[in-house]
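# Observations on the model geometry
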Protein chains: 2
Amino acid sequence: MATKLKGQTVNFYTPPQISGHSSVMGPEEGQGPLGNKFDLTYKDPKCGKSSWEKGEKQMVSDAVGLSLDKAGVSADKIDFMLGGDLLDQIVTANYIARDFSVAFLGLYGACSTMIEGLCMSSFLLDGGFADKVLAFSSSHYQTAERQYRTPLEYGDQYPPYKQWTVTGSGSYVLEKSGGDVWITHCTVGKVMDLGIKDANNMGAAMAPAAADTIMQHFIDISRGPQDYDLIVTGDLGRTGKDILAELLRENNMNIKNKIQDCGDILLPDEKKYGAGGSGCAASAGVLSAHYIPEISSGNIGRILFLGTGSLMNPVMLQQKESIPGISHAVVIERIS
Amino acid sequence: MATKLKGQTVNFYTPPQISGHSSVMGPEEGQGPLGNKFDLTYKDPKCGKSSWEKGEKQMVSDAVGLSLDKAGVSADKIDFMLGGDLLDQIVTANYIARDFSVAFLGLYGACSTMIEGLCMSSFLLDGGFADKVLAFSSSHYQTAERQYRTPLEYGDQYPPYKQWTVTGSGSYVLEKSGGDVWITHCTVGKVMDLGIKDANNMGAAMAPAAADTIMQHFIDISRGPQDYDLIVTGDLGRTGKDILAELLRENNMNIKNKIQDCGDILLPDEKKYGAGGSGCAASAGVLSAHYIPEISSGNIGRILFLGTGSLMNPVMLQQKESIPGISHAVVIERIS
């Protein structure tokens, strides 16, 4: 069999179809401009449970269930589940997988994890290893802030480039048929590092990786910006989105108007949320709630959708290391 | 294309070959009975660097380089790198990937990560997505203990069932040809939880997952213990190995003599290491240094090799949660 890979980009012979997808989000997200597009929103970030971590797990549990319902697939028909999140040891994903009697593959790509999961799911389907795969991811403001930065009770000040970790989850069922959008290509990203050491400035840490993956994607399959209606990033935020546009402009791609960012449109209030949303749930939730419906209905054609991960670790920051970034991309379009 | 999956087990049409593999280990491991089999051992767990974390990274860097050298492949010919480790945000793997201009997929399966990586690498090769894939993993006593349990300076007491996190790394180059052993099947495990809450008793947390994956593997492809010369687990240790044998016996499989555990044979001194070694490097290092050479030379025939992961998270233990386990398996045999 000839390889389906060119450079870092795979062209799927049988593009996997998204047969069910869902978004379950927290209170801030529910009050934002996309609020009425989510399948379910919680006003309480604990979802009535005894801890924030258990609240995050509840949102994922709801999202997984909703995506299965929408696909009309019962959990015991799923061949593989793939998941990951921002918490140490991807603990949310592991405890969710415990509730299902399904083969599980744990992933970590920071905020790029949802798109890493869609890439891997597509490999499993197109490679002939599965008929039905489920991929999910989540993030949560309260669980992430205390782990990565400072306890919330400290009342940390917000620089304008800081982002707000999105609370919520997205889940996707992928099959060989049954959807009205499919994933035709994926580009797996490289780890990039331009020396950012400020844990609040993740947009700057991730933008070079996004720029690299976009340019690599175009080279690999001889396409350009003109072949896409939109180029959507997961959670660069407003600062990172501007840096991405500038990096692409330096490479003779003046496409600022074609770039959208999930974290930007999800939490636009700069006073409260700084540069916008970040976290796995930014891409996971907004792709399901906003972009896929727009593609399904024909309002948007083909998009290049990028997960963007800031591979930050507090211990390494204490050791004066910088923060690398990674970005994986999928091409999503309506099945013609 | 018909699915290659039965239950949780994939039968590869073109079994991926291991063309290069390496082990780089720390001081305790170097002094043990397998000491002279490793490619490289360090007497200093920092490897002369300024921190334990940087020492762990150095061992992985050496292991990756050695596996490439042995395969006769330069890094720029690798289509995908896959890696993960025990540290929060799999930070060792991310910083290693930063040093290479190669598409990277981050994995987390606790101590099962090396075998998760071999499974995923095999999917990429057999699915036609790649010609050459590199998978690596690592663990490190000093970096893991302070993250998961108590700072080493506290002088924590060792119960007999406690294990010693193995310091080291293993790296594997997989290709369509070029090796003398190959991976014919893999079985992806489910997350299992029998209620263990003691972070020192990981063998007991992982044994049910290993038993489940072994039995599932036999059911899926209509094989039994008689089809394998050995069933090898990654890091159940002596306590977990005994529990596994008992769980299998309860299911009418009296195969205690056929089971070996990497953590057990790696660190046999019970006074110093309790129930034996644990950590990603137990399976990653011993598979490369001991089992693959034995298979290559014909001393051992076909083995079922299981990575075993205890999906422990300190925050969830504080919230009185129990520790789930997972186990992934690969079938390795000499190319006939």
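Residues numbered from 1 in each chain as written. Chains lettered and ligands numbered in written order. Predicted model: local features only at pLDDT ≥ 70, side-chain atom pairs only at ≥ 80, totals over all residues. Heavy atoms only, no water.

Attention now goes to the pattern of salt bridges. Scanning the entire structure with this criterion turns up 34 salt bridges over all chains. Here A:Arg98 makes a salt bridge to B:Asp193, at a shortest N to O gap of 2.5 Å. Note that A:Arg98 is positioned in helix H3 (residues 91-98) and B:Asp193 in the loop between strand S10 (181-187) and helix H6 (202-220), a pairing that runs across two chains. Since its relative accessible area comes to 22%, B:Asp193 is described here as partly exposed. Linking B:Lys241 and B:Asp264 is a salt bridge whose minimum nitrogen-to-oxygen distance equals 3.5 Å. Taken as a pair, B:Lys241 in helix H7 (residues 237-250) and B:Asp264 in helix H8 (residues 262-266) lie far apart in primary sequence, 23 residues in all. Here B:Lys241 and B:Asp264 have matching classes, each one buried. In this structure, a network of salt bridges that share partners links the residues A:Arg238, A:Lys241, A:Asp264 and A:Glu270. (Salt bridge = Lys/Arg side-chain N within 4 Å of Asp/Glu carboxyl O. Helix = DSSP H or I, 4+ residues; strand = E, 2+ residues; numbered from the N terminus. Buried < 20%, exposed > 50% of the residue type's maximum accessible area, 1.4 Å probe, protein only.)

All names here are of chain A. Relative to the helices and strands, Leu125 resides in helix H4 (residues 113-126). With 31 residues separating them in the primary sequence, Leu125 and Asn94 have C-alpha atoms 22 Å apart. Once residues within four sequence positions are removed from consideration, Leu125 is found in contact with Pro16, Ala130, Asp131, Lys132, Val133, Leu174, Glu175 and Lys176. (Contact = heavy atoms within 4.5 Å.)

For the rest of this paragraph, the subject is the pairing of strand S14 (residues 303-310) of chain A. Residues and elements named next belong to chain A. Counting buried positions along S14 gives eight out of eight residues, so the element sits mostly inside the fold. Where burial is concerned, the two faces of S14 agree: the one with Ile303, Phe305, Gly307 and Gly309 and the one with Leu304, Leu306, Thr308 and Ser310 are both buried. Bridge analysis of strand S11 (residues 230-233) against S14 gives four bridges, and the strand direction is parallel. Residue Val232 lies in a different strand from S14, and its bridge partner there is Phe305. Pairing of S14 with strand S15 (residues 325-334) involves eight bridges; the strand directions are antiparallel. By the bridge assignment, Gly307 is partnered in S15 with His328. (Pairing = 2+ DSSP bridges.)

Here we come to the packing of H6(B) against H7(B). All names here are of chain B. At their nearest, the axes of H6 and H7 sit 8 Å apart, and the two run at 40 degrees to each other. By the angle class used here, H6 and H7 are oblique. Relative to H7, H6 is oriented so that their crossing is right-handed. Across the interface between the two elements, Gly203, Ala204, Ala207, Pro208, Ala210, Ala211, Ile214 and Met215 from H6 touch Gly240, Ile243, Leu244, Leu247 and Leu248 from H7. By residue class, the composition of the contact of H6 with H7 is 11 nonpolar, two polar and no charged. (Axes fitted to C-alpha atoms, helices over the stretch in contact; angles between N-to-C directions. Parallel < 35°, antiparallel > 145°, perpendicular 65-115°, else oblique. Left-handed = near helix turned anticlockwise from the far one by under 90°. Nonpolar A, V, L, I, M, F, W, Y, C, P; charged D, E, K, R; others polar.)

Each copy of the sequence occupies a distinct position, and chain A is placed on chain B by a rotation of 180 degrees and an axial shift of 0.0 Å, giving an RMSD of 0.0 Å. Here the two chains are linked by the operation of a two-fold rotation axis. The share of interface residues of chain A whose copies in chain B are also at the interface is 100%, consistent with both copies meeting through the same surface. (Least-squares fit on C-alpha atoms with pLDDT ≥ 70 in both.)

Another aspect to go through is the environment of A:Pro45. Residues and elements named next belong to chain A. If you trace the backbone, Pro45 turns up in the loop between strand S4 (40-41) and helix H2 (52-71). Sequence separation of Pro45 and Met59 is 14 residues, and the distance between their C-alpha atoms is 9.2 Å. Discounting chain neighbours no more than four positions away, the residues touching Pro45 are Pro27, Trp52, Gly55, Met59, His140 and Gln142.

On to the packing of H2(A) against helix H5 (residues 141-148) of chain A, then. Helix-helix packing: each pair is described by the crossing angle between the helix axes and the interaxial distance. Residues and elements named next belong to chain A. Axis separation between H2 and H5 bottoms out at 8 Å; the angle between their running directions is 135 degrees. In terms of axis orientation, H2 runs oblique to H5. For H2 against H5, the interelement crossing comes out left-handed. Touching Trp52, Glu53 and Glu56 of H2 are Gln142, Thr143 and Arg146, all from H5. Its residues placed into classes, the contact of H2 with H5 shows one nonpolar, two polar and three charged.

Two aromatic rings, taken as a pair, are described by how far apart their centres are and by the angle between their planes. Applying the stated rule across the entire model yields 17 aromatic pairs over all chains. A centroid spacing of 4.9 Å and a plane angle of 45 degrees characterise the contact between A:Phe123 and B:Phe129, whose relative ring orientation is tilted. Of the two residues, A:Phe123 sits in helix H4 while B:Phe129 sits in the loop between helix H4 (113-126) and strand S7 (132-139), which places them in two different chains. In terms of burial, A:Phe123 and B:Phe129 fall into one category: buried. Between A:Phe129 and B:Phe12, the aromatic rings sit 6.2 Å apart at their centres with planes inclined by 75 degrees, giving edge-to-face as the arrangement. Here the residue A:Phe129 occupies a position in the loop between H4 and strand S7 (132-139), and B:Phe12 occupies one in the loop between strand S2 (9-11) and strand S3 (17-25), the pair thus bridging two chains. Neither residue differs from the other here; A:Phe129 and B:Phe12 are each classed as buried. Taken together, the ring pairs in this structure connect A:Phe12, A:Phe123, B:Phe80 and B:Phe129 into an aromatic cluster. Sitting over the face of the ring of A:Tyr228, A:Arg302 holds its NZ or CZ atom 5.8 Å from the ring centroid. One residue, B:Lys4, lies across the ring of B:Tyr13, its end atom 4.9 Å from the ring centre. (Phe/Tyr/Trp six-rings, centres within 6.5 Å; stacked < 30°, edge-to-face > 60°. Lys NZ or Arg CZ within 6 Å of the ring centre and 35° of its normal.)

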